Amino acid sequence: MTGWSRRRILGAALGAATAPLATTVPPFVSQARAAGAWPLRRGVNTWPWFALTREFPAPRTDYDWPPFQSQRPVPTPADLARLRASGLDFIRLPVDPGPFVAAEAGQRAELMGMLDAAVDAALSADLGVIVNVQANGATHYWNPDRMYSSTTAPEFESYRRLVSEIAERLQGRKAGMVALEPVNEPPQDCSSEAWPAVQASLLTAARMLEPSVPLLVTGGCGSMVRGLTALDPAPLAEFEPILFTFHFYEPYLFSHQGAPWMREPVYRALNNVPWPASAGTLERTLASVRARMAGDTEMSEEAKKAAYAETERVLKVYFNAQPDRRFIDRYLKQVSDWAQTHGIAPERIVVGEFGALRTDARYTAAPSPDRARYIADVRQSAEAFGFPWAFWDLFDGMGMMDDTTRALDPAMIEALGLTMPRA
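In short, a report on the structure. Sequence order as written defines residue numbering, which begins from 1 separately in each chain. Whole-chain, interface and lining totals are the exception, using all residues; otherwise, since this is a predicted model, local features are given only for residues with pLDDT of at least 70 and side-chain atom pairs are given and counted only at 80 or more. Side-chain descriptors were evaluated using all non-hydrogen atoms of the structure, hydrogens and water having been removed beforehand.

### Observations concerning the nonpolar core
We count it as follows: Nonpolar cores are built from buried Ala, Val, Leu, Ile, Met, Phe, Trp, Tyr and Cys residues. Side-chain atoms within 4.5 Å join them into one set. Classification of residues uses two cut-offs on accessible area relative to the type maximum, computed with a 1.4 Å probe and protein chains only: under 20% is buried, over 50% is exposed, and between them is partly exposed. We call two residues in contact when some of their heavy atoms are within 4.5 Å.
Counting 132 residues, the largest nonpolar core has Leu93, Leu180, Phe246, Phe248, Ile349 and Met400 as its most contacted members. Contact partners of Leu180, with chain neighbours within four places excluded, come to Val131, Val133, Val163, Ile166, Ala167, Leu170, Ala206, Val213, Pro214, Leu215 and Leu216.

The following block contains the structure:
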């Protein structure tokens with residue numbers, strides 16, 4: 001959820017609210033047809049376990065120690081056991097690389113020990129782990145642009161060494177239970193020539209030892225569907241075993257309504273967008289937007305007027321398109337068609353993130369019943385196509401567990417097809 005998707009242009013959100021574009025698929029059929037299937041099926045992201053950092057402001061490029069905010073929610077062994085009891089069988093563990101690459105040797109070793117302990121804790125709970133190196137786009141120095149915008153990025157070699165070191169430390173772990181994802185949501189365009197070069201270099205670094213740990217590869221433009229379907233998997237066969245991944249938040253007008261990190265002005269007051277669209281009306285949603293804007297004391301009246309006009313325009317597109325489960329199926333079918341063309345088993349394609357912002361004490365976003373219906377539709381569509389999935393997120397505004405009480409959300413448990421574990 002960090003990086004490219006948080007800065008997505010409005011055009012992408014609008015495109016997601018209408019019929020998907022036709023898939024373009026390279027003609028070459030990969031020879032690695034059935035290698036490296038991920039045996040686990042249902043996961044959850046555990047941000048901010050290794051996120052929410054304490055970096056010093058510019059011109060400094062280091063972090064306070066310890067580098068992670070102490071108040072951030074971190075899953076306990078009991079939490080992990082309950083996740084396993086619910087029916088989940090793996091976690092995707094986002095790791096901010098900044099503190100690792102900025103640290104001196106002793107602190108870096110300590111951080112690596114913390115990461116080892118987190119992986120061990122998950123494995124002890126009988127949960128598999130995808131370690132995802134997830135740079136923070138909001139950090140002033142150790143961000144995606146400086147680390148992997150190209151192979152000549154200022155800190156690319158520092159990032160590359162970290163990927164290699166993590167891969168080495170994952171060697172020898174229980175087979176089929178650990179994988180490494182070197183990058184989260186690449187910022188390059190879908191057709192960028194820079195991203196394939198960056199990905200190949202990182203995969204090479206991760207394969208310095210005898211291959212054993214599966215590596216997750218992805219397409220450009222934030223790991224969106226159209227990024228994966230533009231990817232030619234043939235040159236990646238030398239890095240087997242590999243898995244493929246993409247993220248799914250379409251339509252953004254639903255999943256990211258009310259998200260304060262979205263730069264486009266329509267999201268600021270957007271709320272009460274229904275799922276499916278037929279569950280509500282344009283008039284009711286616009287009334288909720290007006291009420292939200294009326295309470296906004298930070299925007300000028302002129303800015304509100306412009307934002308409302310744009311919000312009305314994009315919501316008309318949304319309601320005219322009437323997105324529902326079929327809309328999701330059409331998107332995921334593009335991935336399925338791409339996989340069949342290249343002889344890739346669906347079990348090798350992980351939906352690494354999907355979710356929607358909830359309405360709670362911090363956010364005014366999707367109504368709870370609509371959010372649950374959307375999550376259920378995405379999950380069921382992914383399973384129908386045979387794709388493993390990882391829900392975003394365990395904590396925070398898209399979470400399934402309360403940050404403080406650690407209570408699991410029954411609506412999310414049901415939507416994800418899980419079982420509420422015994423207390």
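### Considerations on the pattern of salt bridges
Basically, it comes down to this: Every case where a carboxyl oxygen of Asp or Glu lies within 4 Å of a side-chain nitrogen of Lys or Arg is listed as a salt bridge. The numbering of helices and of strands both runs from the N terminus, where a helix is a DSSP run of H or I of at least 4 residues and a strand a run of E of at least 2.
Evaluation of the coordinates by the stated rule reveals 26 salt bridges. Residue Glu165 is joined to Arg108 by a salt bridge in which the shortest nitrogen-to-oxygen separation is 2.9 Å. Residue Glu165 is located in helix α6 (residues 156-170), and its partner Arg108 is located in helix α4 (residues 105-124); the two are separated by 57 residues in the primary sequence. Judged by its relative accessible area of 18%, Arg108 is buried. Arg362 is the salt-bridge partner of Asp360, the closest N and O atoms lying 3.5 Å from each other. Each of the salt bridges in this network shares a partner with another, and the network as a whole consists of Arg358, Asp360, Arg362, Asp396 and Asp403.

### Some remarks on the side chain of Thr139
Put simply, the rule reads: Whenever two N or O atoms come within 3.5 Å, that pair is a polar contact, provided that in protein one can donate a hydrogen and the other can accept it, and provided that, for residues adjacent in sequence, both atoms are side-chain atoms.
Residue position: Thr139 is located in the loop between β5 (128-133) and α5 (144-148). Within the local environment of Thr139, its side chain forms a polar contact with the side chain of Glu55, the two groups lying 3.5 Å apart. Not counting chain neighbours up to four residues away, the residues in contact with Thr139 comprise Glu55 and Tyr63.

### Observations concerning the packing of helix α14 (residues 325-341) against helix α15 (residues 368-384)
We count it as follows: Angles run from 0 to 180 degrees between N-to-C directions of axes, and those axes are lines fitted to C-alpha atoms, restricted for helices to the stretch in contact. Crossing handedness: left-handed means the near helix sits turned counterclockwise from the far one by under a right angle, and right-handed means the same turn made clockwise. Polar here means any residue other than Ala, Val, Leu, Ile, Met, Phe, Trp, Tyr, Cys and Pro, which are nonpolar, and Asp, Glu, Lys and Arg, which are charged; Gly is therefore polar.
As a packed pair, α14 and α15 sit with axes 9 Å apart at the nearest point and diverge in direction by 40°. Considering how the two elements wind past one another, α14 and α15 form a crossing that is right-handed. In this structure, α14 contributes Arg325, Ile328, Asp329 and Leu332 to the contact, and α15 contributes Tyr374, Asp377, Val378, Gln380, Ser381, Ala382 and Ala384. Taken together, the residues that form the contact of α14 with α15 break down as 6 nonpolar, 2 polar and 3 charged.

### Thoughts on the packing of aromatic side chains
What counts here: For this analysis, a ring pair means two rings from Phe, Tyr or Trp (six-membered ring only for Trp) whose centres lie within 6.5 Å, classed as stacked if their planes differ by under 30 degrees, edge-to-face if by over 60, and tilted for the remaining angles. Consider the ring centre and the ring normal. A charge sits over the ring if Lys NZ or Arg CZ is within 6 Å of that centre and within 35 degrees of that normal.
Applying the stated criterion across every chain yields a total of 19 aromatic pairs. With centroids separated by 5.0 Å and ring planes inclined at 45°, the aromatic side chains of Phe254 and Tyr374 adopt a geometry described as tilted. With a gap of 120 residues between them, Phe254 in helix α10 (residues 252-255) and Tyr374 in helix α15 connect regions that are remote in the sequence. You can call Phe254 buried: its relative accessible area is 0%. Cluster of aromatic residues (ring-pair linked, three or more members): Phe248, Phe254, Trp275, Phe327, Tyr331 and Tyr374. In this structure, Arg60 is placed above the aromatic ring of Phe56, and the distance from its NZ or CZ to the ring centre is 3.7 Å.

### Some words on the environment of Arg379
Mapped onto the fold, Arg379 is located in helix α15. Take Arg379: its relative accessible area is 9%, and that puts it in the buried class. Expressed as a C-alpha distance, the spacing of Arg379 and Leu416, which sit 37 residues apart in the sequence, is 6.3 Å. The residues contacting Arg379, other than those within four sequence positions of it, are Arg42, Phe354, Trp389, Glu414, Ala415, Leu416 and Gly417. Among the polar contacts made by the side chain of Arg379, one reaches the main-chain carbonyl oxygen of Ala415 at a distance of 3.1 Å.

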